[in-house]
Each structure stands twice: as C-alpha cells, then as structure tokens.
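# Results of the structural survey
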Amino acid sequence: MQTTTTTEQVLLSLPDVDLGFLRALSKKMGWQMKRQRKSGLEKALDDVKAGRVYEAKSVDDLLDQLNK
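Note that this is a predicted model, so its numbers are computed, not measured. (Residues numbered from 1 in each chain as written. Predicted model: local features only at pLDDT ≥ 70, side-chain atom pairs only at ≥ 80, totals over all residues. Heavy atoms only, no water.)

Turning our attention to the overall build of the chain. Secondary structure assignment for the chain yields 3 helices and 0 strands. If you list the helices and strands of the chain from N to C, you get α-α-α. Relative to its 68 residues, the chain shows a buried fraction of 6%. Surface exposure of the chain reaches about 7300 Å², of which carbon and sulfur atoms provide 53%. (Helix = DSSP H or I, 4+ residues; strand = E, 2+ residues; numbered from the N terminus. Buried < 20%, exposed > 50% of the residue type's maximum accessible area, 1.4 Å probe, protein only. Areas by Shrake-Rupley, 256 points an atom, 1.4 Å probe, with all protein chains shown as cover.)

Tracing the backbone through its elements, the reader meets Asp-61 in helix H3 (residues 59-66). One buried charged residue, Asp-61, forms no salt bridge at all, with the nearest opposite charge on Lys-57 at 4.7 Å. Reaching out from Asp-61, the side chain makes a polar contact with the backbone nitrogen of Lys-57 at a distance of 3.0 Å. When residues no more than four places from it in sequence are discounted, the contact partners of Asp-61 are Tyr-54 and Ala-56. (Lys, Arg positive; Asp, Glu negative; His and termini not counted. Salt bridge = Lys/Arg side-chain N within 4 Å of Asp/Glu carboxyl O. Polar contact = N/O pair within 3.5 Å; in protein donor to acceptor, adjacent residues only side chain to side chain. Contact = heavy atoms within 4.5 Å.)

This paragraph deals with the side chain of Ser-26. Position of Ser-26 among the secondary structure elements: in helix H1 (residues 19-29). A distance of 2.9 Å separates the side chain of Ser-26 from the backbone oxygen of Arg-23, its partner in a polar contact.

A few words now on the layout of surface pockets. Computed from the structure, the largest pocket encloses a volume of approximately 1200 Å³. Val-10, Leu-11, Leu-12, Lys-34 and Arg-35 are the residues nearest the centre of the largest pocket, which is lined by 23 residues in total. Counting residues per element, the ones that place at least two in the lining of the largest pocket are H1 and helix H2 (40-50). The class makeup of the residues in the lining of the largest pocket is 9 nonpolar, 6 polar and 8 charged. (1 Å grid on protein atoms, 1.4 Å probe; cavity = no way out; pocket = protein on both sides within 12 Å on 5 of 7 lines; lining within 4 Å. Points joined across faces, edges and corners; volume = space filled by probe spheres on them. Nonpolar A, V, L, I, M, F, W, Y, C, P; charged D, E, K, R; others polar.)

Looking now at the pattern of salt bridges. Pairs may arise between side chains of opposite charge once their charged atoms sit close together. The final tally for this structure, using the stated rule, is 2 salt bridges. The residue Arg-52 makes a salt bridge to Asp-47 at a minimum N-O spacing of 2.7 Å. Judged by relative accessible area, which is 53%, Arg-52 ranks as exposed.

So yeah, pure geometry; function would need other evidence.
Have a look at this one:
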C-alpha cells in the first residue's frame with residue numbers, strides 16, 4: 001500500500017521572538033521551512049510608505065545626517 005502526501009505552502013506573519021519556536025516545531029514535525037527576506041528595495045519602499053524619509057536642504061545637510 002502506497003501513501004500519497006500532498007503539501008501546501010502557507011504564508012505566516014509572526015513576531016521575530018516567535019520565530020525560534022516555529023523553527024523548533026517545524027523540525028519536530030518534519031516540515032520544511034524556508035524564509036523569504038525582503039530586498040533592499042522592498043525595505044526602502046516600506047520606509048517611504050511609513051513616512052520614514054528625510055529630504056536634505058543642501059549637500060552639507062545631507063552629509064551631516066549621514067554622519068550621525
């Protein structure tokens with residue numbers, strides 16, 4: 001008798017502090033866990049959407065902000 005197992009991909013959003021628990025659980029259950037990270041561009045777009053942007057008044061102002 002041959003058993004066929006189907007798999008399904010699930011996207012979860014959870015706090016970083018719970019990631020270790022999820023890793024341990026997936027290891028014990030024999031699940032495969034892959035983490036998809038955001039690219040730098042996706043992070044930058046998230047910053048723009050959240051209003052975390054700064055417009056420099058001059059080159060000196062920009063350099064001052066970068067050196068902080």
